[in-house]
Amino acid sequence: MKRIVIFASGNGTNAQRIIDHFKGRTDAQVVQVLSNNKDAKVLERANLSKISAISFNRIALYKTDDVLHLLKASKPDLIVLAGFLWLFPEKIINAFPDSIINIHPALLPDFGGKGMYGMHVHKAVYAFAKANSHQKNYTGITIHKVTPEYDKGAFIFQTKVEVTEKDTTDTIADKVHALEHEYFPLVIEKLLKTP
């Protein structure tokens, strides 16, 4: 049984899709959800699915080994960042080499880096598309390995969707969420099956 631990900061719709995808499976399942936001809806989602749900603060992640000890106890085969907004600490990356992935709501290397998350990304994509309306514009998702820098890890998977003249930041966000929900659980499944 492969073990998945999810880190998330907010609502947790991607986490929910992953939990549901592996629910009742004998080959893999989500064993824990961790959040840097004690009020995050993702913790409620995990509790409803009877999955261990724990919140932590900056001290536990960066100044002590509390989060690292939690992870070592849960023995994950894969750590999944699904809307986790803090920079992941190098000590955890080193402890779980090649076993931590993130999803980014754009086609990296464009629209990545510090501060580029959620609607900030979609607004930047929208502004770029407006400024370049004479050409075909795309956005999408990038699933990548996690490194000590934002959005710099090796790409695992990308898929795109066209940004049209009728799109708004909200419709762009909806298109990207649809891609995330469709592909993220499938990419995770494939990674866990790869020797």
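Higher on the page you've got the structure.
Let me sum up the structure you'll find in this document. (Residues numbered from 1 in each chain as written. Predicted model: local features only at pLDDT ≥ 70, side-chain atom pairs only at ≥ 80, totals over all residues. Heavy atoms only, no water.)

1. Describing the sheet that holds strand β3 (residues 52–55)
Inclusion rule: Any two strands are treated as partners once DSSP identifies two or more bridges connecting them. What counts as a helix is a DSSP run of H or I of at least four residues, what counts as a strand is a run of E of at least two, and both are numbered from the N terminus. Only the stretch in contact is used when fitting a helix axis, every axis being a line fitted to C-alpha atoms; angles between N-to-C directions are given from 0 to 180 degrees. Pairs of residues are marked as contacts when any of their non-hydrogen atoms sit within 4.5 Å.
What the seven strands build is an open sheet, ordered β3-β2-β1-β4-β5-β6-β7; its pairing is mixed. Of all the strands in the sheet, just β3 and β7 (155–163) have a single pairing partner and so form its edges. On average, adjacent strands in this sheet sit at an angle of 20° to one another, irrespective of strand direction. Two strands pair when backbone bridges link them, and strand β1 (residues 2–8) and strand β4 (residues 78–81) are joined in this way by four bridges, in the parallel orientation. Residue pairing for β4: I4 is matched across the bridge by L78. Where helix α1 (residues 13–22) meets the sheet, it contacts β1, β2 (28–35), β4 and β5 (100–104), and its direction lies at approximately 155° from that of β2.

2. Remarks on helix α2 (residues 41–48)
Put simply, the rule is: Burial classes: relative accessible area under 20% of the type maximum marks a residue as buried, over 50% as exposed, and values in between as partly exposed (1.4 Å probe, protein chains only). What the arc covers is the set of directions going from the helix axis to the C-beta atoms.
For α2, the set of buried residues is V42, L43, R45 and A46. Viewed end-on, α2 has its buried residues packed into an arc of 160°, placing them on one side of the element. Opposite the buried face of α2, at more than 90 degrees from it, the exposed residues are N47 and L48. Among the structural elements, β1, α1, β2 and β3 are those in contact with the buried residues of α2.

3. Notes on the layout of surface pockets
Cut-off, in case you're wondering: A 1.4 Å probe that fits but cannot get out identifies a cavity on a 1 Å grid over protein atoms alone, an open set with protein on both sides within 12 Å along at least five of seven lines counts as a pocket, and a residue lines either if it has an atom within 4 Å of a point. Grid points are joined across faces, edges and corners, and a volume is the space filled by probe spheres set on the points. In this classification, the charged set is Asp, Glu, Lys and Arg, the nonpolar set is Ala, Val, Leu, Ile, Met, Phe, Trp, Tyr, Cys and Pro, and all remaining amino acids, among them Gly, are polar.
Its volume calculated, the largest pocket comes out at about 780 Å³. Taken together, 36 residues form the lining of the largest pocket, with G83, F84, L85, Y117 and G118 sitting closest to its centre. Counting only elements with at least two residues in the lining of the largest pocket, the list comes to α1, β5, α6 (118–131) and α7 (169–193). Across the lining of the largest pocket, the residue classes tally to 16 nonpolar, 16 polar and four charged.

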